[in-house]
2 protein chains.
Amino acid sequence: MAAMSKQLSEQFSEQLGEHLAALAALLDERGMLLDAEECRPYVTGARYGNGQALAVLRPTDANQIAGIVAYCAKARLPLVLQGANTGLVAASTPDASGNLLVLSLERLRKTIEVDAVNRSVLVDAGVTLQELNDALEPHGLFFPIDLGANPSIGGMIAANTGGARLIKYGDVRHNLLGLQAVLLDPPGQMLDLLQALRKNNTGPDLKQLFVGTSGAYGVITAAVLQAHRLPQQTATALVVPRDQAAVLQLLQALEQDFPEFLAAFEGISGACLDAVARHIPDIGNPFAPEPVPEYCVLIELSSAGSPQAMGVSLEDALTACLEKLFGDVIVNAVVGRGKELWRLRHAVSEAVRQEGKVIAFDISMPRSALVAFRGEALGLVDSRHPWLKVMDFGHWGDGGAHFNMVWPADAPLAYDAVIVGTLRHAIYDLVVVKYHGSFSAEHGIGPYNQAYYHRYISASAQQLSGKLQNLLDPQRLLGVTWFGEEGER
Amino acid sequence: MAAMSKQLSEQFSEQLGEHLAALAALLDERGMLLDAEECRPYVTGARYGNGQALAVLRPTDANQIAGIVAYCAKARLPLVLQGANTGLVAASTPDASGNLLVLSLERLRKTIEVDAVNRSVLVDAGVTLQELNDALEPHGLFFPIDLGANPSIGGMIAANTGGARLIKYGDVRHNLLGLQAVLLDPPGQMLDLLQALRKNNTGPDLKQLFVGTSGAYGVITAAVLQAHRLPQQTATALVVPRDQAAVLQLLQALEQDFPEFLAAFEGISGACLDAVARHIPDIGNPFAPEPVPEYCVLIELSSAGSPQAMGVSLEDALTACLEKLFGDVIVNAVVGRGKELWRLRHAVSEAVRQEGKVIAFDISMPRSALVAFRGEALGLVDSRHPWLKVMDFGHWGDGGAHFNMVWPADAPLAYDAVIVGTLRHAIYDLVVVKYHGSFSAEHGIGPYNQAYYHRYISASAQQLSGKLQNLLDPQRLLGVTWFGEEGER
């Protein structure tokens, strides 16, 4: 830009003004934000990403989006899509160039249509998870992907979120019956796949293209989701396994006794438990007066069946099962107190942040690899960087692990991004190469994971993903994530 | 061919001979079949399709397949893929031209690797469902897509089969963790996505391209599947609802009481029940001495949990639930006799065939539409063609319906394909246009449903599906199904 002549530069901004005016004409009076202050929430990511936007577009229906996309394709204006902007990989915020338009879906939230008999719901992409669940609740239903944040449905699909109960309900992909998207080619074409069908084998399932692709393949405008019946009873326990191998024995024992009810199986290291007890008011060590254990597992059984009809108390059944395992597999347990135990679990991230600079991981692997991986990774950290505090927790039930560490303020070395980068590579190498796992279990790619994508995804998969992206977005106007090979960017 | 000069024709067959020799060189001595008798099982479909093959290729590993694909791409030889050849839409058999090679995956069945802790299994594409379940059984596991046939795993993925217990376990797509495929472009490239992960958000989920696309997008060579624990107790009942509306009330009542256990909810019309009682030895009317009811529903609850741990008898609970519904929702019920009742259910197709020429439907819709659709469709048939006997049954739990009819031998008119075609269109119009359902719930497209695909799938979806097919198979060498627009074929 510095080299641009004054005349060209004036011509350029005049043209830009025309573009913005043309886009504004497609929207209502609250449809375009230009003021830097007003734009700030849209250019700052929930965890990473802090850029600049040419403008923020806030359409209220899918036809406006089709118009925006058609115009942007003609004028070659790049877009980044944003739902509730709760993602953790900077996929929904613009880069620093200031050339990108933010296309916010937050005002696309007219429709929430529940079909109780079909257990399905038609929703606009901007509807938030909380709004959706509020609308489902009177029907005794809910959308079972539960997360700490309150994302939009479109964002949840684009990120294919999982949540703490994936082992019982699956991820978003498993509960997506229909989808509507606006395509970039032909520009602005509507792809309407809004069916509410559990069985429909009439060719390629095109909606899958838009799941987990961070808005790089098209603009999701609406969806049909499968709803589930609200739990009528739950049983919760925090259990201390005898050792690490016993965690998997415990998981298998619970799947043997309660395969349909096991809703969560969350490992929490003693370091995390200890941090919660020290930093979070009103939450103590639940095992007191005994000391914080080395490791524990939060278990939840749930059933949406009426306890009378089932004739079973999950808490009694869980207690009996744990008693059976006592000594051999587990050495301590707190049963009940569900609210308190989940509060503890959800406080882990906040408590760990209080311990120093967090080095976060969002990995997964076959469940059978979790014990070996954890042992090896602990050894690796200890031998290389003994001052780092591993504070890990994870969704053992679905193979997920947050092998997080903290760089304490009182470490012998100041925080060093190069050391962290090298360590991150070493851990990812273990996960992906040795244990056939994933370097991004839940959070997606986005700019934050772009380099790891190129490092760990096979060349053939990158080639095909890039071809798909070029097919769906030939001008590469959409999103900030590139799924092709690095050299093709 | 008739117009081809003798010289050209000789040159052509000489070249063909070279091609076959080159392909044979990639295979072992049992790897290529040329003899018409030996080829017959490979060119005849399970229900439709009766063609001719240039040769049948029977590779034993994925590398041989890569070699075959590379050679065929260079020589422009078209291929049709075949697993166990149990599909019902002629998608796995060659057309009549005699120009297609059949690429049979039946010998690709070395690997069945069970990971019991991860509840997953790595299998070669040619492994059959039965072989897989035999290998899973010692681990207390099974693959829960149960079908009348014994398909290969690759074929099940290519068809995205559902089965009678979809309501509890989902379809193949829901239980597919990883996949390996040989691509047509670059010719013979291996796409290895063989992960055993429940959570992995690292870009587009490429394996979805190969699910439900009848082998038109690539050659599936291996997969990782999620296994489930084998049921430890089941409860079965055949129930007579008060009327059609009561069928959905019954479904909702069961989902309210037993949401995690409801494994099957299969509607059977009185006409089907009556045909089974008359044609199938040793199966009578289960409600005798009362007459065959107008409609009944086969219910199965199942749990993989040990009855002791759960402390619940599903049969007792089901009985109590049905007693509660008696009078208001249901008017008769047989509880227990699971084996006998499922035998009855599985005998329906055979019994209906004995009644005359079958006009079969494989449709689905939102469950909330099933009653209205059935009423309207019965009226339509009765008003237009009163001699046709509707003998319908269906998977009400997942919205599936086999609205089958029989053209009896003693009808006033002889069977007339034009009348049947017109009626089929009218029923499909009802299903797809009025009730937002699907004209092919389980069986897929294939040549048999090709015309309906073009009629009912939106232009934008056909365009995108065709672009994908051209991207994945630029020379259009693979399969016999075309997912693009009719004019682009």
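Whatever comes next refers back to the structure up there.
Treat the numbers as computed from the prediction; the structure is a model and nothing was measured.

**Remarks on the interface of chain A and chain B**
Right, so step 1: Each partner contributes residues to the interface: chain A has 87 residues there, and chain B has 87 residues.
Right, so step 2: Surface buried jointly by chain A and chain B totals about 6900 Å² across both partners, of which 56% is contributed by carbon and sulfur atoms.
Right, so step 3: At the junction of chain A with chain B, the criterion picks out 12 salt bridges.
Right, so step 4: Measuring nitrogen to oxygen at the nearest pair gives 3.2 Å for the salt bridge that ties K199 of chain B to D398 of chain A.

**Quick look at the environment of P41 of chain A**
Right, so step 1: With respect to the secondary-structure elements, P41 of chain A resides in helix α2 (residues 36–43).
Right, so step 2: Separated by 44 residues in the primary sequence, P41 of chain A and N85 of chain A have C-alpha atoms spaced 8.6 Å apart.

**Considering the sheet that holds strand β16 (residues 357–359) of chain A**
Residue and element names in this part refer to chain A.
Right, so step 1: Strands sit in the order β16-β21-β18 across an open sheet of three strands; the sheet is antiparallel. Strands at the two margins of the open sheet, each flanked by one partner only, are β16 and β18 (389–390).
Right, so step 2: In this structure, β18 lies alongside strand β21 (residues 405–407), joined through two bridges in antiparallel fashion. Residue pairing across strands places V390 opposite M405, the latter belonging to β21.
Right, so step 3: Its contacts with the sheet put helix α13 (residues 417–434) on β16 and β21, and the angle it makes with β21 is roughly 165 degrees.

**Some remarks on the relation of the copies chain A and chain B**
Right, so step 1: For the pair chain A and chain B, the superposition axis carries a translation of 0.0 Å, the fit reaches an RMSD of 0.0 Å, and the rotation angle comes to 180 degrees. In short, the pair behaves as if placed about a two-fold rotation axis.

**Some words on helix α3 (residues 62–75) of chain A**
All names here are of chain A.
Right, so step 1: With 14 residues, α3 should reach 20 Å at 1.5 Å per residue; the first-to-last C-alpha distance of 20 Å fits that figure.
Right, so step 2: Counted residue by residue, α3 has 10 buried out of 14 residues, so it is predominantly covered.
Right, so step 3: All of the buried residues in α3 are A62, Q64, I65, A66, I68, V69, Y71, C72, A73 and A75.
Right, so step 4: Measuring from the backbone nitrogen of N63 back to the side-chain oxygen at the start of α3 gives 3.0 Å, which picks out D61 as the cap.
Right, so step 5: Backbone geometry just after α3 places R76 at a positive phi near 55 degrees.

Reading the values: rules and limits
- Residues numbered from 1 in each chain as written.
- Chains lettered and ligands numbered in written order.
- Predicted model: local features only at pLDDT ≥ 70, side-chain atom pairs only at ≥ 80, totals over all residues.
- Heavy atoms only, no water.
- Contact = heavy atoms within 4.5 Å.
- Buried area = accessible area lost by both parts, 1.4 Å probe.
- Salt bridge = Lys/Arg side-chain N within 4 Å of Asp/Glu carboxyl O.
- Helix = DSSP H or I, 4+ residues; strand = E, 2+ residues; numbered from the N terminus.
- Pairing = 2+ DSSP bridges.
- Axes fitted to C-alpha atoms, helices over the stretch in contact; angles between N-to-C directions.
- Least-squares fit on C-alpha atoms with pLDDT ≥ 70 in both.
- Expected span 1.5 Å × (residues − 1).
- Buried < 20%, exposed > 50% of the residue type's maximum accessible area, 1.4 Å probe, protein only.
- Polar contact = N/O pair within 3.5 Å; in protein donor to acceptor, adjacent residues only side chain to side chain.

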